[in-house]
Amino acid sequence: MRPLESRVPSGPIEQKWDKHRFEMKLVNPANKRKYTVLVVGSGLAGASAAATLSELGYNVKCFFFHDSPRRAHSIAAQGGINAAKNYRNDGDSIYRLFYDTVKGGDFRSREANVYRLAQVSVEIIDQCVAQGVPFAREYGGLLANRSFGGAQVSRTFYARGQTGQQLLLGAYQQLEKEIGRGGVTVYPRTEMLDLIVVDGQARGIVTRDTVSGRISSHLGDAVVLGTGGYGNVFYLSTNAKGSNATAIWRAHKRGAAFANPCYTQIHPTCIPVSGEYQSKLTLMSESLRNDGRVWVPRQKGDQRRPEQIPENERDYYLERKYPSFGNLAPRDIASRAAKEACDQGLGVGEGGLGVYLDFADAIKRLGEQTIRERYGNLFQMYQRITDENPFVGPMRIYPAVHYTMGGLWVDYNLMSTIPGLHVIGEANFSDHGANRLGASALMQGLADGYFVLPATIGDYLASSKPGRIDTDHPDVRQAETEVTESTSKLLGIKGKRTVDSFHRELGKIMWDHCGMARNAAGLQRALQLIPELRAEFWSNVNVPGSHAELNQALEKAGRVADFLELGELMCADALHREESCGGHFREEYQTGDGEALRNDELFAYAAAWEYCGANQPERMHREPLGFEYVQLAQRSYK
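Residues numbered from 1 in each chain as written. Predicted model: local features only at pLDDT ≥ 70, side-chain atom pairs only at ≥ 80, totals over all residues. Heavy atoms only, no water.

### Considerations on the packing of aromatic side chains
Per the counting criterion, the structure on display carries 21 aromatic pairs. Taking the centre distance of 5.2 Å and the plane angle of 70 degrees together, the rings of F98 and Y115 count as edge-to-face. Taken together, the residues F98 in helix 4 (residues 94–104) and Y115 in helix 5 (residues 111–131) connect sequence positions 17 residues apart. We note that F98, like Y115, is buried. Taking the centre distance of 6.2 Å and the plane angle of 65 degrees together, the rings of Y450 and F451 count as edge-to-face. Both residues of the pair, Y450 and F451, count as buried. (Phe/Tyr/Trp six-rings, centres within 6.5 Å; stacked < 30°, edge-to-face > 60°. Helix = DSSP H or I, 4+ residues; strand = E, 2+ residues; numbered from the N terminus. Buried < 20%, exposed > 50% of the residue type's maximum accessible area, 1.4 Å probe, protein only.)

Below is the structure:
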């Protein structure tokens, strides 16, 4: 594996990105048409990158397993996108967004990347407004802002509870424009199953047409992965059922280091599990915590209806524990506080796994019409799913797996340890540390796709000057053969268990032992159970049908096979990190009042794991994290 070189430029942090852009090599406009870039994924990161690279003059091929880019999971993002515009004149700035993000990530992110993200954020809003994204506006016409967890300023731009959808439509229309112009060729219903590496460089991908089953190779001069996160390793999560880790995991097995896999985010505001056979969970936007108050009854086992419980018998525990931030405490802290309340027997609803999110005070203060304007579609969604009217009584919420901060390791240029393989958005590890602040996922995806990658990929192409190869190259044939053999192996097992049964069992192992709280004994138990489950999978899974047709069972089988390997790495990473930080909460390492206890002396680094072969333990490499501009301190939101 290529050594970890972050390639962070020298100089003051506020000048690094501008200096770096000037120092990078450029590709002559007339030469850009000679290069082909393969973009995998068509969500916010993938669509924005594909459209922008095409506008610059590159030939772009964009691959996605949906029938349309509009179905990418980015469309599900609800609450907003951060930007340091300071429209409210409440003290925000690029530096404050940078500081809040580093602190929110519990000091486990790379300072230079986070500062660049804060810088670029102000340009994203202008870009999206120019595209016609219908952000909410104040009465006078200015763009509106609201607050999100982990910040004491209002910097989140939003379009009701549909921000991801509106931003994706903006990126989609840019992509469609470039498709119409001929700069982008799209491959819908096409899934990447392997990365082609030739002479140490990423030169293409092997794909399967999910309708016809045809396996083929596509070659280019660079590959970009914008395929999202791996939260579905837990089976139950807020991710769309199609979201998976196959693209990044197959790249990892070809030599791309996987960084901080144990950093997964539990979102505090989700509709609780309703039954044993539920297949996914539903997110209720963090923006609801602007006006909703979180509480539980003070008395254990209190079965009264919420409106029958008087104020003095309610515990607004976030306001009590974290008076400075209250209901807008960061996601990891709010999630653990909800779990603690339920573990103490104070939970509400069936099974006691729920807390109340109450809008009664906000409706009384602002009026029902204002709340409808801010959150109407979210309230409708909640009522349709639960058959409970949140205008009449409080919502019931409970934490659920949401986002993954870990991902493929990338340097400052967003390039992995495989030259030519660039990774953007949630698929990389770069910006959020051990916990992502709400409304920063959309910010990172668009920053990477619109502004960062289009600048840095040119430096790689101009420096490496990749030569021509064709599909007869031995490395291309070998990758294609391995995909074909793996597909045949899955279809040939003819066992007795469904793919979903294995996925559900893996998810339970992961949630029980590597979920909201972890400990050494549980992680060691998981590291015993997962290889056993994986061995049974490869001997007893039943994948009906054939490869030469639409076969969703086959698609799922390949993804679950990858989850079974990734889950083991996540547990190994969580076991080695003997500290608590952000979403990684080791029960052995906490302060006297139950907060995460970091160990900066031993663990202030990004853990980048190298694949060493089938059934072999992975090798860990360390990228030390320096904090020159944000002083290391015990994180406090009290």
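### Some details on the layout of surface pockets
Here the second largest pocket defines a volume of roughly 1,000 Å³. In terms of lining residues, the second largest pocket is bounded by 38 residues, among which W249, K253, D562, E565 and Y611 are the most central. Elements represented by at least two residues in the lining of the second largest pocket include exactly strand 6 (190–198), helix 7 (246–253), helix 13 (474–492), helix 15 (520–540) and helix 16 (552–576). Of all the elements, helix 16 adds the most residues to the lining of the second largest pocket, at ten residues. A per-class count over the lining of the second largest pocket returns 14 nonpolar, eight polar and 16 charged. (1 Å grid on protein atoms, 1.4 Å probe; cavity = no way out; pocket = protein on both sides within 12 Å on 5 of 7 lines; lining within 4 Å. Points joined across faces, edges and corners; volume = space filled by probe spheres on them. Nonpolar A, V, L, I, M, F, W, Y, C, P; charged D, E, K, R; others polar.)

### Side note on the side chain of N260
On the secondary structure map, N260 appears in the loop between strand 10 (258–259) and strand 11 (264–270). You can call N260 buried: its relative accessible area is 1%. The contact partners of N260, leaving out residues within four places of it in the chain, are Y230, G406, F429, D573, R577, A606 and A607. (Contact = heavy atoms within 4.5 Å.)

### Digging into helix 6 (residues 163–181)
With 19 residues, helix 6 should reach 27 Å at 1.5 Å per residue; the first-to-last C-alpha distance of 28 Å fits that figure. Residues T163, G164, Q166, L167, L168, G170, A171, Y172, Q174, L175 and E178 constitute the buried set of helix 6. Buried residues along helix 6 sit against helix 3 (44–56), strand 3 (81–82), helix 5, strand 4 (156–157), strand 5 (184–187) and helix 12 (441–464). Trailing helix 6 by a residue or two, G182 shows a phi angle of about 100 degrees, which is positive. (Expected span 1.5 Å × (residues − 1).)

### Topic: the state of the cysteines
Considering all chains together, one arrives at zero disulfides under this definition. For the unlinked cysteine C270, the closest cysteine sulfur is that of C342, found at 13 Å. Note on C270: relative accessible area 0%, which makes it buried. Not engaged in a disulfide, the cysteine C514 finds its nearest cysteine sulfur in C571; these two sulfurs lie 4.2 Å apart. (Disulfide = S-S within 2.5 Å.)

### Digging into the sheet that holds strand 6
Taken together, the three strands give an open sheet; going across it, the order is 6-7-8, and neighbouring strands pair in antiparallel fashion. The open sheet has two edge strands, strand 6 and strand 8 (215–219), and neither has a second partner. Averaged over all neighbouring strand pairs, the angle between strand axes comes to 30 degrees, with direction disregarded. Across eight bridges, the pairing between strand 6 and strand 7 (residues 201–209) is antiparallel. Its bridge partner being in strand 7, E191 is matched across the sheet by R208. (Pairing = 2+ DSSP bridges. Axes fitted to C-alpha atoms, helices over the stretch in contact; angles between N-to-C directions.)

### Considering the packing of helix 4 against helix 5
Contact geometry for helix 4 and helix 5: axes closest at 9 Å, N-to-C directions at 135 degrees. Between helix 4 and helix 5, the crossing angle belongs to the class labelled oblique. Relative to helix 5, helix 4 is oriented so that their crossing is right-handed. Taken together, the residues of helix 5 that come into contact with helix 4 (itself represented by I94, Y95, L97, F98, T101 and V102) are E111, V114, Y115, A118, Q119 and S121. The residue makeup of the contact of helix 4 with helix 5, split by class, is eight nonpolar, three polar and one charged. (Parallel < 35°, antiparallel > 145°, perpendicular 65-115°, else oblique. Left-handed = near helix turned anticlockwise from the far one by under 90°.)

### Quick look at the domain arrangement of the protein
On domain assignment, one finds that the protein holds domain 1 (266–401) and domain 2 (479–624). In this complex, domain 1 contributes 13 residues to the contact, which on the side of domain 2 involves eight residues. Both sides together, the interface formed by domain 1 and domain 2 hides about 870 Å², and carbon and sulfur atoms give 61% of it. In this assembly, domain 1 and domain 2 are joined by zero salt bridges. Here domain 1 and domain 2 share three residue pairs in polar contact (both at pLDDT 80 or more) between them. (Domains from an automatic or database assignment. Buried area = accessible area lost by both parts, 1.4 Å probe. Salt bridge = Lys/Arg side-chain N within 4 Å of Asp/Glu carboxyl O. Polar contact = N/O pair within 3.5 Å; in protein donor to acceptor, adjacent residues only side chain to side chain.)

### Topic: the environment of M284
When you line up the elements, M284 lands in the loop between strand 11 and strand 12 (293–297). A sequence separation of 82 residues divides M284 from A202, and the C-alpha atoms of the two residues are 39 Å apart. When residues no more than four places from it in sequence are discounted, the contact partners of M284 are Q78, H267, T269, C270, I271, L378, M381, Y382 and M395.

### Considerations on unusual backbone geometry
Positive phi outside glycine occurs at D106, with the angle close to 55 degrees. Summarising the element assignment, D106 is placed in the loop between helix 4 and helix 5. For D106, a relative accessible area of 2% gives the class buried.

### Observations concerning the nonpolar core
Core analysis: the biggest nonpolar cluster contains 169 residues, and I81, L225 and L421 have the highest contact counts within it. With twelve residues, the single largest contributor to this core is helix 12. Counting only domains with at least three residues in this core, you end up with domain 1 (266–401) and domain 2 (479–624). In this structure, V198, V206, I215 and A479 belong to the second largest nonpolar core, which totals nine residues. (Core = buried A, V, L, I, M, F, W, Y, C linked by side-chain atoms within 4.5 Å.)

### A short note on the environment of S501
With respect to the helices, strands and loops of the structure, S501 is situated in helix 14 (residues 499–514). With 40 residues separating them along the chain, S501 and V541 place their C-alpha atoms 9.1 Å apart. One polar contact links S501 to R497, side chain to side chain, over a distance of 3.2 Å.

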